[in-house]
Amino acid sequence: MAQNRSATDQMEKIVSLCKRRGFIFQSSEIYGGLNGCWDYGPLGTELKRNLKDFWWRRMVYERDDVVGMDGSILMNRQVWIASGHEATFSDPMVDCRICKARLRADQLDEKNGRKQCPVCGGFDLTEPRAFNLMFKTYVGATEDESALTYLRPETAQAIFVQFKNILDVSRKRLPFGIAQIGKAFRNEINPRNFTFRSREFEQMELEYFCWPDQGLELLEYWLKERLKFYSDVGITSGLHVHKIPPEECAHYSKGTYDIEFEFPFGIQELEGVAYRTDYDLTQHQSASGKSLEYFDEESKKRFIPHVVEPSAGVDRTALAVICAAYDEEKVPDEKGNFEMRTVLRLHPRIAPIKCGIFPLLKNNKLLVARAREIYEQLRPYMMVFYDESGAIGRRYRRQDEAGTPFGVTVDFDTIGENDPANVETVTVRERDSMKQQRIAISELKPYLMEKIR
Ligand code: ATP
């Protein structure tokens, strides 16, 4: 897709901020990297944890009808045969005969009715061929067909194959769901747009099992729930819902929505919400020969449940919240001169660092000691960051770029050297408005806890 200059600039700024501040690095960077793989640095790791924790809280802790699981990445190859992945989890690929680029057939632009190579502009392309996206590996000492399996390309299949065990131990009645967060691997042909399309990534998936006549209604329900999740992590604009036309849905799906976001590089999928009928459990029941049916005590009915699946990517959500939060604005410095401030307006609940703690001067023992005490008081409850180096304005700016929503400054009022009314109070600076207010130290923890939950 053609991108305009300002969108490319915006993306470059975001990538550069992510590296500079330790959100995201290229994997194996000192060896030239590995295409499609990324490492999360200190801030990125916190951001991802916060997103996953919030998803888990919404999906599992705050509901009576969902339980969690944590499946293995390597599974019996039969799982991937039964699910259809071995035969069909592929993208149609073409090769450019001129520059030898390998390209996804469904992503090529056309010129005068002919598909064109985006790399060299040529038109001499091979016929599309299927390219399986699963990474192969071997389990055990021999590298032959009998030992072959795959790194999972999605987390969902572990949920389907454990459906019966989890049903038995959790004793849930329909409708109920099983949630899972974990790594997935796809040998994407064109990993691109930073972490958006990676070869190793994390998914947050829920399989919500139900009666056949509940499926369509639950599809709408989960779409709404998931949209609320995105706004609750700070994506309050730029979301789109794309209803997949029936002819483009998977043959077993009775309805699919893509939740999309306006990334600088275009409107792209964040999550799929699909009503998958009883397809997955039926496939595994017939392939394994084990019953995956549900027995309803009341009606004495025995049947294979239907399922609605909201399937989200952690990395895509992290990238979306960073893109949504990135901002630059002109603000006056201490001398009244205007300067550009880069600020990540991350929602406090997902911000990596919740609060910066700053003694006004680093060479004043009392200020430093009191600031460190506050730091120690808060750190069991949230990620706080102590910083005493440089002018206070510079310290604020560093935290603005890191997306830290609050900054606490211990000044001479705090230690009783100015207005006696202000003893044992600190200033709390709010990142977005840059407004400051005085708060009693004893009130600080409840004040912050309320804002970050
Ligand atoms: P796409 O069409 O973008 O390849 P998909 O429709 O194949 O995505 P699903 O199989 O529905 O994706 O996977 C569910 C979610 O997992 C996606 O919405 C996305 O958030 C995430 N995801 C899938 N593939 C990748 C990838 N290569 N890199 C990062 N996240 C991914």
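Refer to the structure presented above.
So, a few notes on the structure that sits alongside this text.

Here the focus is the overall build of the protein chain. Broken down by element type, the protein chain carries twelve helices and 25 strands. Dimensions of the protein chain, computed from C-alpha atoms along their principal axes, come out at roughly 80 × 65 × 45 Å. Accessible surface for the protein chain amounts to roughly 22,200 Å². Of this, 49% is attributable to carbon and sulfur atoms. A gap of 2 Å separates the mean positions of the 64 positive and 69 negative side-chain charges of the protein chain.

Take the sheet that holds strand S12 (residues 200–210) next. Sheet strands pair by backbone hydrogen bonding; their relative direction is either parallel or antiparallel. Spatial ordering of the open sheet is given by S3-S11-S12-S18-S15-S14-S13, a layout of seven strands whose pairing is mixed. A strand with exactly one partner marks an edge of an open sheet, and here the two such strands are strand S3 (66–68) and strand S13 (239–243). Each adjacent strand pair in this sheet contributes to an overall mean axis angle of 25 degrees, direction not counted. Inspection of the sheet shows strand S15 (residues 266–275) paired to strand S18 (residues 306–313) by five bridges, in the antiparallel sense. The residue bridging Tyr275 from the neighbouring strand is Val308, located in S18. Lying over the sheet, helix H6 (residues 163–170) contacts S3, strand S11 (176–185) and S12, oriented at roughly 135 degrees with respect to S11. Its contacts with the sheet put helix H7 (residues 215–232) on S12, S13, strand S14 (255–263), S15 and S18, and the angle it makes with S15 is roughly 140 degrees.

Inspection of the secondary structure assignment puts Asp280 in helix H8 (residues 279–288). The exposure class of Asp280 is buried, given its relative accessible area of 3%. Ignoring any residue separated from it by four or fewer positions in sequence, one finds Asp280 in contact with Gln157, Phe160 and Val307.

Moving on to the packing of helix H10 (residues 365–378) against helix H12 (residues 441–452). The contact between H10 and H12 brings their axes to 11 Å, and the two run at 35 degrees. The interaxial crossing formed by H10 with H12 has right-handed handedness. In contact with Arg370, Ile374, Gln377 and Leu378 of H10, H12 contributes Ile441, Leu444, Lys445 and Leu448. When grouped by side-chain class, the residues that make up the contact of H10 with H12 number five nonpolar, one polar and two charged.

One finds Trp55 and Phe263 to be the most contacted residues of the largest nonpolar core, which totals 57 residues. When residues no more than four places from it in sequence are discounted, the contact partners of Trp55 are Ala179, Gln180, Ile181, Met204, Glu205, Leu206, Arg226 and Phe229. One finds Ala158, Ile166, Leu174 and Leu281 within the second-largest nonpolar core, a separate group that totals 29 residues.

Before going further, it helps to spend a moment on the pairing of strand S23 (residues 406–410). Across the five residues of S23, five count as buried, placing the element largely inside the fold. Alternating positions in S23 separate into two faces, Phe406, Val408 and Val410 on one and Gly407 and Thr409 on the other, with burial throughout. By the bridge criterion, five bridges tie strand S21 (residues 355–359) to S23 in an arrangement that is parallel. Counterpart to Gly356 in the pairing with S23 is Gly407.

Here the focus is the packing of aromatic side chains. As enumerated under the stated definition, the model contains 20 aromatic pairs in all. Between Trp38 and Phe194, the aromatic rings sit 5.0 Å apart at their centres with planes inclined by 80 degrees, giving edge-to-face as the arrangement. Of the two residues, Trp38 is situated in strand S2 (residues 38–40) and Phe194 in the loop between S11 and S12; the sequence distance between them amounts to 156 residues. By relative accessible area, which is 10% here, Phe194 ends up buried. Look at Trp55 and Trp56: their rings are 6.2 Å apart centre to centre, the planes differ by 40 degrees, and that puts the pair in the tilted class. With a relative accessible area of 0%, Trp55 lands in the buried category. Taken together, the ring pairs connect Phe160, Phe163, Phe176 and Phe209 into an aromatic cluster. Directly above the ring of Phe229 sits Arg226, whose terminal nitrogen or CZ lies 4.3 Å from the centroid.

As a further point, take the site of the ligand. In the region of the ligand, 15 residues are neighbours, and Glu188, Arg197, Ser198, Glu269 and Leu270 sit closest. In this structure, Leu270 approaches the ligand through a main-chain N or O atom, which is 2.8 Å from an oxygen atom. The fraction of the free accessible surface of the ligand (590 Å²) that becomes covered by protein chains is 81%. Sorting the residues of the shell around the ligand by element identifies S12, S15 and S18 as the ones contributing at least two each.

Moving on: the packing of helix H2 (residues 42–61) against H7. At their nearest, the axes of H2 and H7 sit 11 Å apart, and the two run at 140 degrees to each other. Crossing of H2 against H7: the hand is right-handed. From H2, Leu51, Phe54, Trp55, Arg58 and Met59 reach across to H7, where they touch Trp222, Arg226, Lys228, Phe229 and Asp232. A breakdown of the residues in the contact of H2 with H7 according to their chemical character gives six nonpolar, no polar and four charged.

Residue Pro175 follows Leu174 across a cis peptide bond; omega there is -5 degrees. Tracing the sequence through the fold places Pro175 in the loop between H6 and S11. Positive phi values are uncommon outside glycine, yet Thr277 reaches one of about 50 degrees. By secondary structure assignment, the location of Thr277 is in the loop between S15 and H8.

What counts and what doesn't
- Residues numbered from 1 in each chain as written.
- Predicted model: local features only at pLDDT ≥ 70, side-chain atom pairs only at ≥ 80, totals over all residues.
- Heavy atoms only, no water.
- Helix = DSSP H or I, 4+ residues; strand = E, 2+ residues; numbered from the N terminus.
- Areas by Shrake-Rupley, 256 points an atom, 1.4 Å probe, with all protein chains shown as cover.
- Lys, Arg positive; Asp, Glu negative; His and termini not counted.
- Charge placed at Lys NZ, Arg CZ, Asp CG, Glu CD.
- Pairing = 2+ DSSP bridges.
- Axes fitted to C-alpha atoms, helices over the stretch in contact; angles between N-to-C directions.
- Contact = heavy atoms within 4.5 Å.
- Buried < 20%, exposed > 50% of the residue type's maximum accessible area, 1.4 Å probe, protein only.
- Left-handed = near helix turned anticlockwise from the far one by under 90°.
- Nonpolar A, V, L, I, M, F, W, Y, C, P; charged D, E, K, R; others polar.
- Core = buried A, V, L, I, M, F, W, Y, C linked by side-chain atoms within 4.5 Å.
- Phe/Tyr/Trp six-rings, centres within 6.5 Å; stacked < 30°, edge-to-face > 60°.
- Lys NZ or Arg CZ within 6 Å of the ring centre and 35° of its normal.
- Near = heavy atom within 4 Å.
- Polar contact = N/O pair within 3.5 Å; in protein donor to acceptor, adjacent residues only side chain to side chain.

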